[in-house]
Each structure stands twice: as structure tokens, then as C-alpha cells.
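Examining the three-dimensional arrangement
Chain residues, written in single-letter form:
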Amino acid sequence: MPNFECHVAVASVASAVAVATGSILFEWDNTASSLAFMAGLSGGMVPDLDCDTAKPRRLAGFFVGLGCAAMVVGYVSGQGQFLRRPWPAAHVALAAVGSFFLFSSIFMEILKGRTKHRGLFHSLATPFLYGGLWGCLTAGQGGRVIMAVWFLATLGVFTHLILDAAKGFTFNPLKIASDDLAASTRLWILTALVNFLAFIRIFAF
Ligand SMILES: [Zn+2]
């Protein structure tokens, strides 16, 4: 099986080529190009979020923890009656460390309990789900940015699935669904919904 480094290398080369092409053909500006590149590169790691030992999951846990800690710090260091804010610096630091470990471990536990390696995360819905999520996340940035991140995120996940398919003979990641039909149906409905929301924004601009 291709390892983490291999997936990152292929996803970054494919993303760089796609961003260069997009900026020539569709005049993507710096915002569109850099967001699109991030979407493509991270897309190359997304399917292995279902692997208990893989780096992508630990990396994602780290960023989720970091994001939550940043929000907690922002909250407790601001003015307010509730919880008698702002807190003194030492308490803010403790809250930051505590919330980092709390939220990253909750996130990792949820992924661990809900996923099976090379299950639904390695199916044909994942590229489009990830593209749609990026489209919704950048919905305020305008149609051109949404198209750029949607396209690159989808492409990034595809590089992962195609690499897995090319190197492995025991399973086919380019499958429409897994054995769990109910879960597959939920995944496709979610994918359709997220993409619908993303594309509404494209045509609204
Ligand atoms: Zn994989």
C-alpha cells in the first residue's frame, strides 16, 4: 500500500499542476489558488482518516484540538460576566492545554469508534463529500473560489483512491458503496446535500 509520504507527494504535485492550470484558464487569484491548493493537498490524506494508526488521523486530531483550544482561549480571555472573564493568564494557559487534549481525544475516539479501515472513507462518495464540504466552508468567498476548492478537494481525494487502487490488489477503493448499505446510503445522501448547498452558493454569486 502507498504510504503517507507517497500520498502527500502525489497529491501536492497534482494540486500544484491543477492550480497552475486553473490560474491560467480561469484567472484564479491568490485566495482561490492558495485555498484550492490546501484543499487538494489535504484531500490526499482524507481517506486514511479511517486508519487507527495512520498519520492523517493523528494530524487531524492535532488540528481539531488546536482549533478548539484557540476558541476556548478567545472566549475566556475576552470580557464578560459569565465565568467572570477575562481570566488571568495562568488560567487561560491551563484552559488551552486542557481543551486541546480533551477535544482532540474526543475527536479521535469518535473516528475510531465509527470507522473501519478502507471502509466508507475509501469509496467514491468521499471525493465529492470532501469537495462539497470545502465549498460550504468557503461559501462567503464567491463562486470562483468555491469552484476552485471544490475541484481541487475532489481531485485530491481521487489521487488517494487511484493510488490505493493501483497499488493494492485485495480491495477496490473506487467502489460506490461498502457492505454496510444503510451507512452507504446515509453517506451518499449527506454527500448530495452538502454538494447541493455548495453549488447553490456558486450560482448565487
Ligand atoms: Zn488509503
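Residues numbered from 1 in each chain as written. Predicted model: local features only at pLDDT ≥ 70, side-chain atom pairs only at ≥ 80, totals over all residues.

**Here's the deal with the overall build of the protein chain**
- When helices and strands are tallied, the protein chain shows seven helices and zero strands.
- Along the protein chain, helices (α) and strands (β) appear in the sequence α-α-α-α-α-α-α when read from the amino end.
- The principal-axis extents of the C-alpha atoms in the protein chain amount to approximately 55 × 40 × 35 Å.
- Burial analysis of the protein chain (205 residues in total) assigns 35% to the buried set.
- Pairs at least 24 apart in sequence give 74% of the contacts found in the protein chain among residues at least 6 apart. (Helix = DSSP H or I, 4+ residues; strand = E, 2+ residues; numbered from the N terminus. Buried ≥ 20, exposed ≤ 12 C-beta atoms within 10 Å, placed from the backbone. Contact = placed C-beta atoms within 7 Å.)

**A closer look at helix α7 (residues 181-204)**
- When the terminal C-alpha atoms of α7 are compared, their 34 Å separation across 24 residues agrees well with the 34 Å that a helix rising 1.5 Å per residue should span.
- Restricting attention to buried positions, one finds in α7 the residues Leu187, Thr191 and Ala198.
- The secondary structure elements touched by the buried residues of α7 are α5 (125-137) and α6 (143-167). (Expected span 1.5 Å × (residues − 1).)

**Quick look at unusual backbone geometry**
- A cis geometry characterises the amide bond from Arg85 onward to Pro86, with omega recorded as -5°.
- Note that Pro86 resides in the loop between α3 (55-76) and α4 (89-114).
- Even without being a glycine, Glu27 presents a positive backbone phi close to 55°.
- With respect to the element layout, Glu27 can be found in the loop between α1 (4-25) and α2 (30-43).
- Taking the C-beta count within 10 Å as the criterion, Glu27 has 9 such neighbours and is therefore assigned exposed.

**Re the nonpolar core**
- Ranked by internal contacts, the top residues of the largest apolar core, which has 35 residues, are Ala36, Ala148, Val149, Trp150, Leu152 and Ala153.
- Ranked by residue count, the leading element in this core is α6, at 13 residues.
- Here Ala148 is in contact with Gly22, Trp28, Ala32, Leu35 and Ala36, once residues within four sequence places are set aside. (Core = buried A, V, L, I, M, F, W, Y, C linked by C-beta atoms within 7 Å.)

**Things to note about the environment of Thr21**
- Note that Thr21 resides in helix α1.
- Sequence separation of Thr21 and Leu193 is 172 residues, and the distance between their C-alpha atoms is 29 Å.

**Regarding the domain arrangement of the protein chain**
- What the domain assignment reports for the protein chain is domain 1 (1-48 + 117-205) and domain 2 (52-115).
- For domain 1 versus domain 2, the separation of C-alpha centres amounts to 26 Å.
- Contacts between domain 1 and domain 2 engage six residues on the former and four residues on the latter.
- Of the residues in the side of domain 1 that touches domain 2, the class split is four nonpolar, one polar and one charged. (Domains from an automatic or database assignment. Nonpolar A, V, L, I, M, F, W, Y, C, P; charged D, E, K, R; others polar.)

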